[in-house]
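Chains, contacts and geometry: an overview
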Amino acid sequence: MQFFKKPNIDFIGIRKYGYMFSGTMILIALVLLIVQGPNYGIDFKGGVSMRVKFDSSVTVRMVRNSLSKIGYGNAEIKETSIQTAKGTEKEMIIQVELTNKPDEIASAVSAQLKKDFPKGLDIRSIDTVGPKIGGELRRAAIWAVLFALLLILIYITLRFEFRFAVGAILPLFHDVLITLGFFLIFRLEISLDVVAAFLTIVGYSLNDTIVVFDRIRENLKTRRRETFTQIINESINETLSRTVITSFTTFLVILVLFLFGGEVIHNFSFAMLVGVVIGTYSSIFVAAPLLVEWENYAPRHKKITEARIKKAHRAAKRR
Amino acid sequence: MKRKFWIRVIIIFVAVAWSLWQLYPTYKVHNLSAKEAEKLRLSGKLDKLQSKTIKLGLDLQGGMYLVLEVDLQQLLVNLAKHKDDTFYKVMNEVNKTINENPDLDYFTVLQQTFRKHKLRLNQYFGKVTQTDQQVIADLQKQADDAVDRSLEILRNRVDQFGVSEPNIQKRGNRRIVIELPGIQDIDRAKRLIGETALLEFKLLKDPDVTTEVLKRIDEKLKELQEAKGKAALPEKKKSKASVKKKMKSTAADTSTKKVITQKDIFGATEAAKDTSAQKDTTGLEVNQELFNEHPFLSLLRDFRSHGGEIAVPEKNKYAVQKILNMPEIKKIIPSDVEFVWASKPIPVGNENYYELYLLNKEPELTGKYVVDAGVQIGSGSSFTSAGKPIVTLKMNSEGAKIFAHVTGANINRRLAIVLDNRVYSAPVIRSKIPNGNAIIEGMGNMDEAKDLAIVLRAGALPAPVKIIEERTVGPSLGQDSIRQGTFSAILGFVLVILFMIFYYRLSGFLADLALLLNMLFIMAILAGFHFTLTLPGIAGIILTIGMAVDANVLIFERIREELRAGKTIRAAIDSGYGRAFVTILDANLTTLFAAIVLYQFGTGPIRGFALTLSIGILSSMFTAIVVTRVVYDYITEHFTLKKLSI
């Protein structure tokens, strides 16, 4: 069984369509990022988030009324349904934003809910994050991403060449930005889990890119008669079936996780789902073409290759 | 070739055997019937078996995760000496700067602020001979030390509280992370941890002195009120009060009690400013005639006639505290004494009363001499504690000596037992107590007494701790998460297995075998190295399922290419593995870097994800490269294949 017998798609030739797509997506993401800003969860803002399971008769309005009695009527209340062994049940997520004493809010809210809904109430989780922590976590996340990128940059430079390292790192920003764009479009909440997902996307997309680059490196050594662009195009084609198959299996399991993994890691799996697709796309349409662009501006391999071709011609003439 | 083959086979078998051995306890405990579990428990083997199972994170088994921060600001106030108004003023400025810019280093700000006010740090900290730099270095050391001590003390408290497998760790310089799996009473645990447990024995001022101080406050307050708009305020109040009087005239004893709002005491602007006062509308209960003459005393009740102290109705407590905090009032209270509230109200009729004690500021004795604390039920000989839980204290010889001296010199005076600035009891000293034994009364119930004994035994925290992050997961959510996670993993696994067989036929089956072993190894490593499995950890395993086949896909695709290029089956397999290996190494190592960084920076749950992902990457490289190769080698060695099923 084979999806691609011997693919010969001119990826480099159509790369400007990829640039257009990527450019548009990144532009949308950046505009949204500036205009509306990310929807940070309480992990980053500080505040209280509670998951509460209610009796089926309890509505959001009733919960809000109950909370207004203690001055938290402005809390954000979301309703979700969860599948349990007993069938479908109702769960609500109650969020109160950053105040001075978050842990007192948590106690006050749970006491009030216990008072007003004594039956069928199950407080499933309480997350309280102080305002100071939020800022720190945000900074830590950014440093982690930058540090990871630096490590990767060094490794690839050592194993390949600097230009490959840049060609591998730039698409990572591309992938994270576009995935972030999806979160901005759907106003999804960015929690610590989502940041973890972003870092995983970085790792995954890199994995894909490295496989393509590896083949380029190999072909540069063996196929001396072809131009740089040709080699890159062929390398993408040769690794295409592997790229698609691995992405497919990964996508498959994350889709399952997204559909059946439960509400708690919903945003996490959504980020991964988008990230796998974008990561695969970028290693074909962004990473490898970047090498071509680099070559066009600072030709090194081209010269070498041309010199080789000339030399081969001369040798042929002499014979 | 032949020898290499057998070495590989042996490695694989050892790995599988080790994995099964590591996973057996988990399997066993999971399948125990209630009866068998009880039998094992009785023989004391269950705990040992359970400690070898895969450890579940708080998000899967329910529990509590706390991040505490030692209150530096309070610690420095505790460390300082010769504290005067200037000191408090400057410290408040430091705190304000820090709260506005949490990024700044506390000690730098401290030094700068002191310098700005032309104050030398050695006025308040350290020795006079020390320079500012030396003082700062000293303070930094003491702060680090305070965190380490807090860590030890909290560890002791939690151990005695009786949580199975708690995890208490220092994070960074100032923080402590506490994980309490399966905890039920969250509020009780939080109280136990947050309690500073500063135990002090302080002498009460004589009733005459107390009366004198109260009188002076009263006069000062009256003076202040009169200075603030003489006529307007009382006029208004009277008319309002008379309306209320009519409304309440049915109740016999209210004839002299009026409802007066806080405006009457603090003036309109004061009350409006104070938005936190919920009692604004409740009104305060005072005696009307008394109020005009004695604005402060009218808020109090005298319990001294029946052996008590000054008491304040619960409603008035806030107002009284506020008056005591007024700077003008603070000035007229002698500097060596302070007012301290009772820990618990006394119910009289429908009303709760809080006693207010005037104590010497300097304690006679502190809790650092306490060597043991226990819980008992009070005997019948004492009417205040009969039948109620009390905490007994035992002091070391030095403490006993001081205690004997203090009690001997102050017979018939009252000694207040103050914990975290609240008076628990204030017994009259009847005789000299030579053996260093004391009791604390005033506990509401047995749990409270037990918790108090725990914190006293474990010692006082050097400074209060603030809870800055708290995550609690109920057991039901944990179970749902496990169920959903396991279901997703199995479904994803089955789909990938089917796809691989469909796409690569027999070779796909081989990759599936590798995948199965991969899962086995991941679980065994989790169990064997006592790593914790969290919900994101399960997500990591699921992601690994998707990515683990990658190495085999790379190899298989390469073999196909080689076959297409016209190589023999054996040569194609050889160069397929050989060439794919470099790629697999590069690709997986870079992913591993990302995972390691994730593990380093991440908090609890994220670390779980990074952990399983890292283990998965390493283990999948082993299974994909070594395991499948062995099978290929065996087949090509023993059979002559015409066609490779790939």
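Everything numeric here is computed off the predicted structure, so don't read it as measured data.

This paragraph deals with the overall build of chain A. Looking only at helices and strands, chain A has 10 helices and 4 strands in total. Along its sequence from the N terminus, chain A presents helices and strands in the succession α-α-β-α-β-β-α-β-α-α-α-α-α-α. Seen through its C-alpha atoms, chain A measures out along the principal axes to roughly 100 × 45 × 30 Å. Here chain A holds 319 residues, and the buried ones make up 54% of them. Of the contacts formed within chain A by residues at least 6 apart in sequence, a portion of 78% connects residues at least 24 apart. By element, 62% of the accessible surface of chain A is carried by carbon and sulfur atoms, the whole surface being about 14700 Å². Mean positive and mean negative side-chain charge positions of chain A (41 and 28 charges, respectively) differ by 10 Å.

Residue and element names in this part refer to chain B. One non-glycine residue with positive phi stands out, namely Lys118, at about 55°. Within the secondary structure, Lys118 sits in the loop between α7 (106-116) and α8 (132-161). Phi angles above zero are rare outside glycine, and Arg505 is one such case at about 55°. Considering the arrangement of structural elements, one finds Arg505 in helix α19 (residues 475-528).

This part covers a positive patch on the surface. A cluster of basic residues, Arg224(A), Lys310(A), Lys311(A), Arg314(A), Lys317(A) and Arg318(A), forms a positive patch on the protein surface. Owing to a relative accessible area of 56%, Lys311(A) belongs among the exposed residues under this scheme.

Take the side chain of Thr250(A) next. Considering the arrangement of structural elements, one finds Thr250(A) in helix α8 (residues 228-260). Overall, the relative accessible area of 0% leaves Thr250(A) in the buried class. Thr250(A) has contacts with Tyr204(A), Val276(A), Leu543(B), Gly546(B) and Met547(B), leaving out every residue within four places of it along the chain.

Now for the packing of aromatic side chains. To describe a pair of aromatic rings, you give the distance between the ring centres and the angle between the ring planes. Under the counting rule described, the total for this entry stands at 32 aromatic pairs over all chains. Ring geometry for Phe54(A) versus Phe117(A): centroids 5.3 Å apart, planes at 70°, classification edge-to-face. Remark: Phe117(A) occurs in the loop between α4 (102-116) and β4 (122-129) and Phe54(A) occurs in strand β1 (residues 47-54); sequence separation between them is 63 residues. The buried category is assigned to Phe54(A), whose relative accessible area is 4%. A relative accessible area of 8% means that Phe117(A) is categorised as buried. These aromatic residues form a ring-pair network of at least three members: Phe248(A), Phe499(B), Tyr503(B), Tyr504(B), Phe556(B), Tyr577(B) and Tyr632(B). Between the NZ or CZ atom of Arg217(A) and the centre of the ring of Phe160(A), over which it lies, the distance is 4.1 Å.

For the rest of this paragraph, the subject is the interface of chain B and chain A. If you look at the interface, chain B gives 66 residues, while chain A gives 74 residues. Summed over both partners, the interface of chain B with chain A comes to about 6100 Å²; 63% of that surface belongs to carbon and sulfur atoms. Counting across the interface, chain B meets chain A through 9 salt bridges. Note that Asp586(B) is salt-bridged to Arg217(A), the shortest N-O span being 3.1 Å. Linking chain B with chain A are 24 residue pairs in polar contact (both at pLDDT 80 or more), by the criterion used here. Those elements giving two or more residues to the side of chain B that touches chain A turn out to be α9 (186-194), β19 (465-473), α19, α20 (535-564), α21 (569-601) and α22 (604-638) of chain B. Here the side of chain B that touches chain A takes 17 residues from α19(B), the largest share from any one element.

Let us look at the nonpolar core. Ile156(A), Ile216(A), Ile232(A), Phe268(A) and Leu515(B) are the most contacted members of the largest nonpolar core, which has 149 residues in total. Examining the composition of this core, we find that 19 residues originate from one element, α19(B), more than from any other. Setting aside chain neighbours within four positions, we find Ile216(A) in contact with Phe164(A), Ile231(A), Ile232(A), Ser235(A), Ala288(A) and Leu291(A). Membership of the second largest hydrophobic core comes to 74 residues, among which are Val109(B), Leu119(B), Ile178(B) and Val455(B).

Taking 1.5 Å of rise per residue, the 33 residues of α21(B) would be expected to cover 48 Å, and the 47 Å separating its terminal C-alpha atoms lies within 8% of that figure. Maximal helix bending in α21(B) amounts to about 30°, located at Phe581(B).

As a working rule, side chains carrying opposite charge can pair if their charged atoms are close by. In this structure the tally under the stated criterion is 48 salt bridges over all chains. Close ionic contact of Arg163(A) with Glu295(A) constitutes a salt bridge, the shortest N to O distance being 2.6 Å. In this pair, Arg163(A) sits in helix α6 (residues 162-185) while Glu295(A) sits in helix α9 (residues 266-297), placing the two residues 132 residues apart along the sequence. Across the salt bridge formed by Arg579(B) and Glu218(A), the nearest N and O atoms sit 3.9 Å from each other. With Arg579(B) in helix α21 and Glu218(A) in helix α7 (residues 192-222), this pair bridges two chains. Accessibility expressed as a relative area gives 38% for Arg579(B), which makes it partly exposed. Among the ionic contacts, a cluster of salt bridges with common partners joins Arg51(A), Glu91(A), Arg124(A), Asp480(B) and Arg483(B).

Our next topic: the pairing of strand β5 (residues 199-203) of chain B. Residues and elements named next belong to chain B. Extensive coverage of β5 is indicated by the burial of 5 of its 5 residues. Side-chain alternation along β5 places Leu199, Phe201 and Leu203 on one buried face and Glu200 and Lys202 on a second face that is also buried. In this sheet, strand β16 (residues 415-419) lies alongside β5 in antiparallel orientation, the contact comprising 5 bridges. Note on β16: the bridge partner recorded for Leu203 is Leu415.

Cut-offs and rules
Residues numbered from 1 in each chain as written. Chains lettered and ligands numbered in written order. Predicted model: local features only at pLDDT ≥ 70, side-chain atom pairs only at ≥ 80, totals over all residues. Heavy atoms only, no water. Helix = DSSP H or I, 4+ residues; strand = E, 2+ residues; numbered from the N terminus. Buried < 20%, exposed > 50% of the residue type's maximum accessible area, 1.4 Å probe, protein only. Contact = heavy atoms within 4.5 Å. Areas by Shrake-Rupley, 256 points an atom, 1.4 Å probe, with all protein chains shown as cover. Lys, Arg positive; Asp, Glu negative; His and termini not counted. Charge placed at Lys NZ, Arg CZ, Asp CG, Glu CD. Patch = residues over 30% accessible without salt bridge, like charges linked within 9 Å, V, L, I, M, F, W, Y side chains within 5 Å. Salt bridge = Lys/Arg side-chain N within 4 Å of Asp/Glu carboxyl O. Phe/Tyr/Trp six-rings, centres within 6.5 Å; stacked < 30°, edge-to-face > 60°. Lys NZ or Arg CZ within 6 Å of the ring centre and 35° of its normal. Buried area = accessible area lost by both parts, 1.4 Å probe. Polar contact = N/O pair within 3.5 Å; in protein donor to acceptor, adjacent residues only side chain to side chain. Core = buried A, V, L, I, M, F, W, Y, C linked by side-chain atoms within 4.5 Å. Expected span 1.5 Å × (residues − 1). Bend = angle between axes of the 7 residues up to and from the residue. Pairing = 2+ DSSP bridges.

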